[in-house]
Amino acid sequence: MFKKFIKNARAKSPWIMHFDCGSCNGCDIETLACLTPLYDVERFGIINVGNPKHADVLLVTGTVNHRNKAVLKNLYDQMPEPKAVVAIGACGLSGGVFRDCYNVVGGVDKVIPVDVYVPGCPAKPEAIIDGVVRALAKFEEKKAG
Amino acid sequence: MQSRQGPPILQAFYDVAKLMGKDQMLSNRWQILCCWVYLVAAALAVGMFFARADLLLIFFVQAAGAVFLVMGALSVKSPYSQVGAQRELVQILTYEPLLILVFVGMYLVVGSFDVGDILAYQTPLLRKLPLMFIVLSYALTIKLRKSPFDFSTSHHGHQELVKGVMTEYSGPALGLIEMAHWYETVLILGVCSLFWATSWIWMAVLLVATYFAELVIDNTMARMTWRWMLKYVWSIGLALTFINFIWLHAG
Ligand code: SF4
């Protein structure tokens with residue numbers, strides 16, 4: 001019963017961390033808009049934390065390049081299991097309009113495993129919330145350890 | 001802004017349950033010891049309060065717990081955790097003397113540090129120690145790490161200190177700290193309840209009003225600096241204590 005409560009609680013209190021892998025800022029604004037009183041995701045217990053050690057869901061916007069892939073990997077490794085990753089925007093999915101640049105590695109999934117992809121350029125706040133909710137469904141299934 | 005819905009009332013419990021289900025990821029073994037001592041000390045202090053033990057003893061038990069939290073944060077090299085720990089120490093330094101003064105005030109009225117004796121006292125203490133109640137509410141605000149005194153953790157984790165003393169704790173350890181924090185809240189509200197121990201209804205009213213005022217203050221204030229806190233809380237706290245004690249002596 002206790003295990004079940006923990007499992008339910010997981011979906012009710014996802015703490016997100018937002019990492020901007022060099023996006024054009026379009027997706028970042030939309031992501032942060034979700035946290036404002038207009039969309040108010042805090043009523044679902046979603047809190048934006050700045051600390052990977054407390055985070056459950058990692059939101060990544062922007063293209064991964066050779067500079068920041070180590071940072072992204074590091075942040076991912078610092079999050080305790082169970083965790084979920086959401087890639088946001090065309091850039092996060094594949095590199096978007098920047099995919100041919102000499103310094104670009106590509107999408108987020110080139111570096112870390114991604115659970116949910118949210119397309120769009122920029123992704124709509126509704127779509128981002130939707131993505132987080134779908135990540136939660138996966139997150140709930142994951143076991144600790 | 002004010003009409004938004006906000007999280008459900010059980011959110012704190014969901015958070016802790018979730019943290020309990022996460023992986024243990026700590027920097028060193030000290031942290032485990034420290035968060036357990038913090039929790040046990042806080043729980044013991046509450047237990048002793050309800051067992052009507054000596055106020056001073058309760059005070060020392062909870063102080064030991066608070067210090068262990070700081071030691072845990074200091075045991076890691078992370079600058080956020082270090083700065084958070086220093087600030088937490090300053091916070092402890094600010095509220096502990098005030099708390100002691102409140103207990104001394106109770107002693108002056110009742111003639112005993114015993115919770116049982118204080119509860120048995122016939123007139124509400126609030127009538128004799130009104131200013132000490134304000135002093136206690138300062139200690140309460142600092143202890144709960146509410147604005148404007150929340151600079152050791154910076155309530156929302158993405159601000160300048162990330163999460164201060166709690167930065168390096170994660171998963172179940174963080175859950176333990178949260179639980180210890182609940183115990184601390186219960187303890188300090190228990191001390192508040194001593195101020196009107198003669199009637200259950202008024203005690204409840206006093207507690208609800210105090211906690212509500214606490215939430216309002218938390219939501220309307222911005223965070224200040226620790227220098228401001230030290231200056232402001234000590235000067236006002238000591239002045240209020242002084243006036244109240246003189247008045248007690250005269251009356
Ligand atoms: S997907 Fe579009 S809006 Fe988002 S970061 Fe890339 S270019 Fe900017």
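Refer to the structure presented above.
Small disclaimer: the values here were computed from a predicted structure and weren't measured. (Residues numbered from 1 in each chain as written. Chains lettered and ligands numbered in written order. Predicted model: local features only at pLDDT ≥ 70, side-chain atom pairs only at ≥ 80, totals over all residues. Heavy atoms only, no water.)

Student: Quick question: what am I supposed to make of the overall build of chain A here?
Tutor: Helices and strands together make up the secondary structure of chain A, namely five helices and seven strands. Mapped in sequence order, the helices and strands of chain A form the string α-β-α-β-β-β-α-β-α-β-β-α. Relative to the 2.2 N^0.38 estimate, which gives 15 Å for 145 residues, the radius of gyration of chain A is 15 Å and therefore close to what a compact globule would have. With respect to the three principal axes, the spread of C-alpha positions in chain A is 55 × 35 × 20 Å. Here chain A, with 145 residues, has 51% of them falling under the buried criterion. Expressed as a percentage of contacts within chain A between residues at least 6 apart in sequence, the contacts between residues at least 24 apart total 80%. For chain A, the accessible surface area stands at approximately 6700 Å², while carbon and sulfur atoms represent 59% of it. Mean positive and mean negative side-chain charge positions of chain A (18 and 15 charges, respectively) differ by 7 Å. (Helix = DSSP H or I, 4+ residues; strand = E, 2+ residues; numbered from the N terminus. Rg over C-alpha atoms; globule rule 2.2 N^0.38 Å. Buried < 20%, exposed > 50% of the residue type's maximum accessible area, 1.4 Å probe, protein only. Contact = heavy atoms within 4.5 Å. Areas by Shrake-Rupley, 256 points an atom, 1.4 Å probe, with all protein chains shown as cover. Lys, Arg positive; Asp, Glu negative; His and termini not counted. Charge placed at Lys NZ, Arg CZ, Asp CG, Glu CD.)

Student: How should I be thinking about the site of the ligand in this particular structure?
Tutor: Residue and element names in this part refer to chain A. What surrounds the ligand is the set S23, C24, G26, C27, G89, A90, C91, G120, C121 and P122. For the shell around the ligand, the secondary structure elements donating two or more residues are α2 (26-33) and α4 (89-94). Across the shell around the ligand, the residue classes break down as six nonpolar, four polar and no charged. (Near = heavy atom within 4 Å. Nonpolar A, V, L, I, M, F, W, Y, C, P; charged D, E, K, R; others polar.)

Student: I would appreciate a short explanation of the interface of chain B and chain A in the present structure.
Tutor: Note on interface size: it is often stated as the accessible area lost on association of the parts. Facing 31 residues of chain B, the contacting portion of chain A comprises 28 residues. Along the contact surface separating chain B from chain A lie zero salt bridges. Scanning the region where chain B abuts chain A turns up zero residue pairs in polar contact (both at pLDDT 80 or more). Looking at the side of chain B that touches chain A, the elements with two or more residues in it are α1 (11-20) and α8 (171-193) of chain B. (Salt bridge = Lys/Arg side-chain N within 4 Å of Asp/Glu carboxyl O. Polar contact = N/O pair within 3.5 Å; in protein donor to acceptor, adjacent residues only side chain to side chain.)

Student: What exactly am I supposed to notice about the nonpolar core here?
Tutor: Across soluble globular proteins, nonpolar side chains have a tendency to be buried as a group. Judged by nonpolar contacts, the single largest core of 87 residues is most densely connected at L58(A), L72(A), M106(B) and F195(B). With 11 residues, the top contributor of residues to this core is helix α4 (residues 79-110) of chain B. The residues touching F195(B), leaving out its near neighbours within four places in the chain, are V102(B), M106(B), P124(B), L125(B), L126(B), L129(B), M132(B), F133(B), L136(B) and L206(B). Counting residues in each nonpolar core, the second largest holds 19 residues, with V41(A), A123(A), I129(A) and F139(A) among its members. (Core = buried A, V, L, I, M, F, W, Y, C linked by side-chain atoms within 4.5 Å.)

Student: Got a minute to help me understand the packing of α4(B) against helix α10 (residues 226-250) of chain B in this structure?
Tutor: Angle between the axes and distance between the axes: these two values describe a pair of packed helices. Residues and elements named next belong to chain B. Put simply, α4 and α10 touch, their axes get as near as 10 Å, and they point 5 degrees apart. In terms of orientation, α4 lies roughly parallel with respect to α10. Along the contact surface, α4 presents V90, Q91, L93, T94, P97, L98, L101, V104, G105, L108 and V109, while α10 presents W226, M229, L230, V233, W234, G237, L238, T241, F245 and L248. (Axes fitted to C-alpha atoms, helices over the stretch in contact; angles between N-to-C directions. Parallel < 35°, antiparallel > 145°, perpendicular 65-115°, else oblique.)

Student: What exactly am I supposed to notice about a nonpolar patch on the surface here?
Tutor: Residues F5(A), I9(B), L10(B) and F13(B) make up a contiguous nonpolar surface patch of about 430 Å² in total accessible area. Mapped onto the secondary structure, F5(A) falls in helix α1 (residues 2-12). (Patch = residues over 30% accessible without salt bridge, like charges linked within 9 Å, V, L, I, M, F, W, Y side chains within 5 Å.)

Student: Any chance you could explain α8(B) here in plain terms?
Tutor: For an α-helix, 3.6 residues make a turn, and residues three or four places apart therefore share a direction. Relative to the 33 Å expected for 23 residues at 1.5 Å per residue, α8(B) spans 33 Å between its end C-alpha atoms, a close match to the ideal helical length. Among the 23 residues that make up α8(B), 18 are buried, leaving the element largely enclosed by the rest of the structure. (Expected span 1.5 Å × (residues − 1).)

Spatial relationships are all this shows, so hold off on functional conclusions.
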